[in-house]
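Below, each chain spelled out in residue letters.
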Amino acid sequence: MKIYNYIWGIIPPHLNDWLRYKIVPNNKKYDKSLLNRKKIFVFICADYANMGDIAITFSQINFLEKNFPEYKVIPHLISDIYRDMKSLKKIVNKDDIITMIGGGNNGCLYPGIEFCRLFVIQNFTNNLIVSFPQSISLSDGIIGNRILRKMKNIYGRHNHLVLCAREISTYKTYKEIFRNNNALLIPDIVLYNTDNRELFKFRKKDSILICRRSDAECNISDGFWKSVEDICKQFGRVTYQDTVLNKSYYDFESQYKDLNDMINCYREAGMVVTDRLHGMIFSYITGTPCIVFPSATDKICRSYDWIRECNFVFLLNDENIDEFAAVLDWASKIKELRYADLGGHFEMLSSCIRKEMNELRE
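Throughout this description, residue numbers start from 1 for each chain and increase along the sequence as written. Selection of residues for local features in this predicted model requires a pLDDT of at least 70, selection of side-chain atom pairs for listing and counting requires 80 or more, and totals for whole chains, interfaces and linings are taken over all residues. The side-chain values count all of the structure's non-hydrogen atoms but skip hydrogen atoms and water molecules.

Enquirer: Account for the nonpolar core, naming residues and giving values.
Expert: Think of a nonpolar core as a cluster: buried Ala, Val, Leu, Ile, Met, Phe, Trp, Tyr and Cys residues, connected wherever their side-chain atoms sit within 4.5 Å. The rule is simple: take the accessible area with a 1.4 Å probe, protein chains only, and divide by the maximum for that residue type; under 20% is buried, over 50% is exposed, in between is partly exposed. Judged by nonpolar contacts, the single largest core of 124 residues is most densely connected at Phe43, Phe63, Phe282, Tyr284, Phe293, Val313 and Phe324. Counting from the N terminus, the helices are the DSSP runs of H or I reaching at least four residues and the strands are the DSSP runs of E reaching at least two. The element best represented in this core is helix α3 (residues 51–67), accounting for eight residues.

Below you can see the structure in the form of C-alpha cells.
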C-alpha cells in the first residue's frame, strides 16, 4: 500500500486520458454554430449506473432549463471529458455557464472524478463555474494531501467558481478551506423534483421496498437487517431494489429510461426501508413513507436536516428493532403528506447564478 501511495503521488488518475488530450487533434464533436448560442454545460455526468447520480444529472438539467430558459442546456458524460475538451473549447464563449454535477464525489473519496473536476476548472478560467450541491470527503496521507493541495491551488485561482454544499459540514469546509470562492448551502438537487407530488399518492399499500447498501459505506449489521426484513414481511410483500445497477451507459436516453423505471418502483411501494441517501430522497419526491438508517458517512443525517419537517420520512440512528417496528406501524397509517418547504433555497441558487453572471459581464 505504501508503494501504491507513492506511485499515485507521482502518477495521477486519468494520466492516459490527459496525455491523449494533449496529443490527439480536435475531434470536432460540436458544431461551431453553437458558438453563437447562449449555453449552459452540465459536466461530469455519470456514465455508471448509480441511479442517485443519474437522478442528480436530470434534476440539474431540469433546474437549469426551468430557471434559465434563454440558454441551451448541454449535458456531457464524464468519460468524454478529456476526449472532447478541444472541441468544447471551440464553442464556449464568455457568456456561457459551466456547471458540474452535484453528488458525493468532491474531494478524496473518488479521486478520478475530482481530477476531472479540476481539469474542467483549469480549462474554463474565464467562465462562471457552478459546482452543484456536493458532499466533500478529505483524508490525510500522500493521496489525500496531494488532492487537497491541487484543489486549493486550482479552486483558489478561479475568480468565478461557486461551490454549493448539500449539508452543513461540507459548507463549513468550503468556507474554511476555499475562502476565495463563493459557497452556498443548497439541498441535494434531486429534492428540486417535487412539483408533481400530487401524482405520487397512488401506492400499493401492502408492499415494502428495501434498498440496502452493500459497500464500504454500509453501517448497519447483517443481523439487524435480517430482523428488519422479518418484521417487514409481517406487514406485506417485500421487494428489493438497490440504487446502483451493474451496467454502464453511453447515452442519456438509456439512463432516463432506467431512472424512470426505478422511480416507478418507489411510487408504487407502500413503504421504503433504506440506508441509501437517494433511497431516502426518491421516497421523499414520490411521497412514499420511508424509514432510513444512517450510512458510515454523515451525508444521510445531514441531508435529512433539509426534510425533517415532513411527516413521512423517519431517520432511526440506532439498531433498535422495537423502535423500528413501532415506526413502521406508525408510518403505514399516514393518510396525508406534509413536505418541507425548500423552494427558497433553490431560488437562492438561481439568483446567485444570475448575480455572478452580471458581475462577470461588468
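Once the structure has been displayed, the description carries forward.
Enquirer: So what about a nonpolar patch on the surface? Which residues, and what values?
Expert: By definition, no residue in a patch forms a salt bridge, and every one has over 30% relative accessible area; like charges are joined within 9 Å, nonpolar side chains (Val, Leu, Ile, Met, Phe, Trp, Tyr) within 5 Å. We get accessible surface area from the Shrake-Rupley algorithm with a probe of 1.4 Å; when it comes to residues, only the shown protein chains can shield them. By salt bridge we mean one thing: a side-chain nitrogen of Lys or Arg within 4 Å of a carboxyl oxygen of Asp or Glu. Together, Trp18, Leu19, Ile23 and Val24 make up a nonpolar patch on the protein surface, roughly 380 Å² of accessible area in all. Inspection of the secondary structure assignment puts Leu19 in helix α2 (residues 15–23).

Enquirer: Lay out a positive patch on the surface in plain terms, naming residues and giving numbers.
Expert: On the surface, Lys22, Lys28, Lys32, Lys89 and Lys90 cluster together into a patch of positive charge. Mapped onto the secondary structure, Lys90 falls in helix α4 (residues 81–91). Residues scored as positive are Lys and Arg, those scored as negative are Asp and Glu, and His as well as the terminal groups of each chain are ignored. To locate a charge, the coordinates of NZ of Lys, CZ of Arg, CG of Asp or CD of Glu are taken.

Enquirer: Go over the packing of aromatic side chains, please, and point to the residues and values.
Expert: Stacked, tilted and edge-to-face pairs are distinguished by plane angle, under 30 degrees for stacked and over 60 for edge-to-face with tilted covering the rest, among Phe, Tyr and Trp rings (Trp via its six-membered ring) whose centres lie within 6.5 Å. Within the structure shown, the criterion is met by 19 aromatic pairs. A ring pair is formed by Phe58 and Phe252, whose centres lie 6.5 Å apart and whose planes are at 90 degrees; its orientation type is edge-to-face. In this pair, Phe58 sits in helix α3 while Phe252 sits in helix α9 (residues 252–268), placing the two residues 194 residues apart along the sequence. Each member of the pair Phe58 and Phe252 is classed as buried.

Enquirer: Give me unusual backbone geometry: which residues, what numbers.
Expert: One non-glycine residue, Lys28, lies in the positive phi region at around 55 degrees. Although it is not a glycine, Ile44 sits at a positive phi angle of roughly 70 degrees. When you line up the elements, Ile44 lands in strand β1 (residues 39–45).

Enquirer: Summarise the packing of α4 against helix α5 (residues 111–123); cite the residues concerned and give the values.
Expert: Orientation is described by axes fitted as lines to C-alpha atoms, over the contacting stretch for helices, and by angles from 0 to 180 degrees between their N-to-C directions. In contact at an axis separation of 12 Å, α4 and α5 are set at 15 degrees when each is read in the N-to-C sense. With respect to each other, α4 and α5 are oriented roughly parallel. Crossing hand, α4 versus α5: right-handed. Across the interface between the two elements, Ile81, Tyr82, Met85 and Lys89 of α4 pack against Phe115, Cys116, Phe119, Val120 and Asn123 of α5. Looking at side-chain class alone, the contact of α4 with α5 contains seven nonpolar, one polar and one charged residues. Angle categories: roughly parallel below 35 degrees, roughly antiparallel above 145, roughly perpendicular from 65 to 115, and oblique for all the rest. Rotating anticlockwise by less than a right angle from the far helix to the near helix defines a left-handed crossing, while the corresponding clockwise rotation defines a right-handed one. Only heavy atoms matter for contacts: two residues are in contact if any of them lie within 4.5 Å across the pair. Just so you know the grouping, Ala, Val, Leu, Ile, Met, Phe, Trp, Tyr, Cys and Pro go in nonpolar, Asp, Glu, Lys and Arg go in charged, and all remaining residues, Gly too, go in polar.

Enquirer: Can you lay out the side chain of Thr170 for me, pointing to particular residues and giving the numbers?
Expert: Relative to the elements of secondary structure, Thr170 occurs in helix α7 (residues 168–177). Leave out the neighbours within four places in its chain, and Thr170 touches Gln134, Ser135, Ile136 and Ala165.

Enquirer: Please provide a residue-by-residue account of the environment of Trp225, values included.
Expert: In this structure, Trp225 sits in helix α8 (residues 222–235). In sequence terms Trp225 and Val238 are 13 residues apart; their C-alpha atoms lie 13 Å from each other. The contacts of Trp225, once residues within four sequence positions are left out, are Ile210, Arg212, Ile220, Val273, Thr274, Asp275 and Phe293.

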